[in-house]
Amino acid sequence: MESPFRPDVLRGKAALVTGGGSGIGFEVAAQLARHGAQVALMGRRREVLDKAVAALRSEGLRAVGFDGDVRKQEDAARVLAATVEHFGKLDILVNGAAGNFLASPEDLKPKGFRTVLDIDTVGTYTMCYEAMKYLKKDGPGKGPSSGGLIINISATLHYTAAWYQIHVSAAKAGVDSITRSLALEWGTDYEIRVNGIAPGPIQDTPGMRKLAPDEMSKGQREMRPLYKLGEKWDIAMAALYLASDAGKYVNGATIVVDGGLWLSRPRHIPKEDVKALSKVVEKKVRASGVGVPSSKL
């Protein structure tokens, strides 16, 4: 699908994407690069990173990969320093590294719960913490009023509740809180904008394969307002909006990109029966006199 953004909309920008070797993270990195940015990918698996970087370079894009674990502060510091050394600066940090799996609470050990929080929530904060000195105004390659941007990839699970996702829901709630707090404090003090993107179900991603396998897909189409899954491209376009001048006044927001799914509920009755049922109910209420204004009795 053709991008609505100019190919050079991010020309001169340097970005680091955690979890950038595959799935949504790779698509975000690819679109940032296709629109002019230099991109660094961070991930735990060297072979995945090498394949991703090779794919980007085959398009003539400027990309590099650094292996590291967002749960380790020393890895975060090393990768960020290497990114800035390679590109001369850092303008955009995308926190896309995440852990997830299906588990009912009674079967989820605290260690498993903690692991997801360590990756998603603590990992996001750790990367932000180590990136601040590079992203703030007057940082490397920055002017006195040209701070950078952080984009935290979140989710919608915690907006209501989700079956078998208590760990991820708690982790992403923490990510959203980090986004708002840093937007307030670092936006004020350092000209760093901090925003989030909350994807819904996105096809052809590791998350969908783990959390919504084919065995669970029966009847799910009817639950989606747009009757389809999202694409990785949709998330990348939201990231481009936030990273471009189009989003320059957006700070502390988490953009939901889920086709309206988090708002969705099953229909209790068919649409074509609503009008007739409403008339029946109204007739019963009037006959009982309950809830009818006294002037109409």
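Residues numbered from 1 in each chain as written. Predicted model: local features only at pLDDT ≥ 70, side-chain atom pairs only at ≥ 80, totals over all residues. Heavy atoms only, no water.

- Per an unreviewed UniProt entry, the protein carries the name 2,4-dienoyl-CoA reductase [(3E)-enoyl-CoA-producing] and comes from Urochloa decumbens.

### Let's talk about the overall build of the protein
Next, step 1: Summing up its helical and strand segments, the protein has eight helices and seven strands in all.
Next, step 2: Every one of the 297 residues in the protein was classed for burial, and the buried ones make up 45%.
Next, step 3: Long-range pairs, those at least 24 residues apart, make up 73% of the contacts in the protein with a sequence separation of at least 6.
Next, step 4: Accessible surface for the protein amounts to roughly 16000 Å². Of this, 54% is attributable to carbon and sulfur atoms. (Helix = DSSP H or I, 4+ residues; strand = E, 2+ residues; numbered from the N terminus. Buried < 20%, exposed > 50% of the residue type's maximum accessible area, 1.4 Å probe, protein only. Contact = heavy atoms within 4.5 Å. Areas by Shrake-Rupley, 256 points an atom, 1.4 Å probe, with all protein chains shown as cover.)

### Quick notes on the sheet that holds strand β7 (residues 254-257)
Next, step 1: Spatially, the seven strands line up as an open sheet ordered β3-β2-β1-β4-β5-β6-β7, and their pairing is parallel. What marks the edges here is a single partner per strand, and that holds for β3 (63-67) and β7. Pairs of neighbouring strands in the sheet enclose a mean axial angle of 20°, with direction left out of account.
Next, step 2: As judged from the four bridges shared by strand β1 (residues 14-18) and strand β4 (residues 92-95), these two strands associate in the parallel manner. Looking across to β4, one finds that Val17 is bridged to Val94.
Next, step 3: Each of β1, β2 (38-43) and β3 is contacted by helix α3 (residues 73-87), which is oriented at about 160° to β3, the strand it contacts most. (Pairing = 2+ DSSP bridges. Axes fitted to C-alpha atoms, helices over the stretch in contact; angles between N-to-C directions.)

### Observations regarding the environment of Gly19
Next, step 1: Checked against the element boundaries, Gly19 lands in the loop between β1 and α1 (23-34).
Next, step 2: Judged by relative accessible area, which is 25%, Gly19 ranks as partly exposed.
Next, step 3: Through-space distance from the C-alpha of Gly19 to that of Arg44 is 8.2 Å; in sequence the pair is 25 residues apart.
Next, step 4: Sequence-distant contacts of Gly19, that is, excluding residues within four places in its chain, are made with Gly25, Phe26, Met42, Gly96 and Ala97.

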